[in-house]
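The lines below spell out each chain.
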Amino acid sequence: LAVIDVSDFAHPQQLHSAIIDAGAQVWSEALWNPKALTWFGAQSLLALPLWVEPQGVPAETEPADTVTEVAEAFEGVAVYRVSVDGGFEELGRLGTRFDDSGWSSFARGVFIGDSVYGVTEFGIRAVPVADMDAAPRELRFTPAPSDPAR
């Protein structure tokens, strides 16, 4: 992730950067789909869908303001506070894996009031942004019954 000053469009300057889970395989739909990233400007919050698989190898990274490392797999939404002065502050992560549901095909972060919601095809989870470690509230979607004609 990077904060880039484009006030002089001919000479952009990188102000801050963050490396997510150094030493792991990290994937996000936001790499090619800008609609996957959620920016809540009123509170300077960013929700980024992430899928992380640890690789068990030492991280070799470029210098960055913020580097996080991972020890376990993760599927869900990472929430950051972002500012021009302070760069990236990871506030926490909201897992969106529902037991044996398998990997979701998408995840989205949605900010409503003081909470962040993680939405997938399997359900919705929510926690207060101020307490990302709180037990999430959740709503699971019931799969449609199989077609008896098959």
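Provided above is the structure to which this section pertains.
Residues numbered from 1 in each chain as written. Predicted model: local features only at pLDDT ≥ 70, side-chain atom pairs only at ≥ 80, totals over all residues. Heavy atoms only, no water.

## As for the overall build of the protein
Where we set the bar: Numbering goes from the N terminus for both helices and strands, where a helix is a DSSP run of H or I of at least four residues and a strand is a run of E of at least two. When accessible area is computed with a 1.4 Å probe and restricted to protein chains, residues below 20% of their type maximum are described as buried, those above 50% as exposed, and intermediate ones as partly exposed. Any two residues whose heavy atoms approach within 4.5 Å at even a single point are treated as in contact. Per-residue and other accessible areas follow the Shrake-Rupley method at a 1.4 Å probe size, with only the shown protein chains counted as cover for residues.
Looking only at helices and strands, one finds 0 helices and 12 strands in the protein. Of the regular secondary structure in the protein, the N- to C-terminal order runs β-β-β-β-β-β-β-β-β-β-β-β. Taking all 150 residues of the protein together, the buried fraction comes to 35%. Pairs at least 24 apart in sequence give 50% of the contacts found in the protein among residues at least 6 apart. Element-wise, carbon and sulfur atoms account for 54% of the exposed surface of the protein, whose accessible area totals about 9100 Å².

## Details of the sheet that holds strand S9 (residues 108-112)
The test is simple: Pairing between strands requires that DSSP locate at least two bridges from one strand to the other. Inter-axis angles, ranging from 0 to 180 degrees, are taken between N-to-C directions of lines fitted to C-alpha atoms, where helices are fitted over the stretch in contact.
Ordered by their spatial adjacency, 4 strands build an open sheet running S9-S10-S11-S12, and the pairing between neighbours is antiparallel. Each having just a single partner strand, S9 and strand S12 (137-140) make up the two edges of the open sheet. In this sheet, neighbouring strand axes are inclined to one another by 20° on average, regardless of whether the strands run parallel or antiparallel. Bridging between strand S10 (residues 115-119) and strand S11 (residues 123-128) involves 5 bridges; their strand directions are antiparallel. Each bridged residue has a counterpart across the sheet, and for Val119 the counterpart in S11 is Ile124.

## Topic: the side chain of Arg108
Rule in force here: Identification of polar contacts relies on pairs of N or O atoms within 3.5 Å, with a donor-acceptor requirement for protein atoms, meaning one able to donate a hydrogen and the other able to accept it, and with residues adjacent in sequence counted only if both atoms are side-chain atoms.
For Arg108, the location among the structural elements is in strand S9. At a separation of 2.9 Å, a polar atom in the side chain of Arg108 contacts the side chain of Glu29. In this view, Arg108 contacts Glu29, Asn33, Lys35, Ala36, Val77, Tyr117, Gly118 and Val119; residues no more than four positions away in its chain are not counted.

## Comments concerning the environment of Ala2
Within the secondary structure, Ala2 sits in strand S1 (residues 2-5). With relative accessibility at 39%, the residue Ala2 sits in the partly exposed group. Spatially, the C-alpha atom of Ala2 lies 6.4 Å from that of Ala18, the residues being 16 residues apart in sequence. Discounting residues that sit within four places of it in the chain, Ala2 has contacts with Gln14, His16, Ser17 and Phe88.

## Observations concerning the pattern of salt bridges
This is how the line gets drawn: By convention in these notes, a salt bridge is any Lys or Arg side-chain nitrogen within 4 Å of a carboxyl oxygen on Asp or Glu.
Evaluation of the coordinates by the stated rule reveals 6 salt bridges. Notably, a salt bridge pairs Asp21 with Arg93, separated by 2.8 Å at the nearest N-O pair. Of this pair, Asp21 sits in strand S2 (residues 13-22) while Arg93 sits in strand S8 (residues 87-95), and the two are 72 residues apart along the sequence. Salt bridges sharing common partners tie together Asp21, Glu90 and Arg93.

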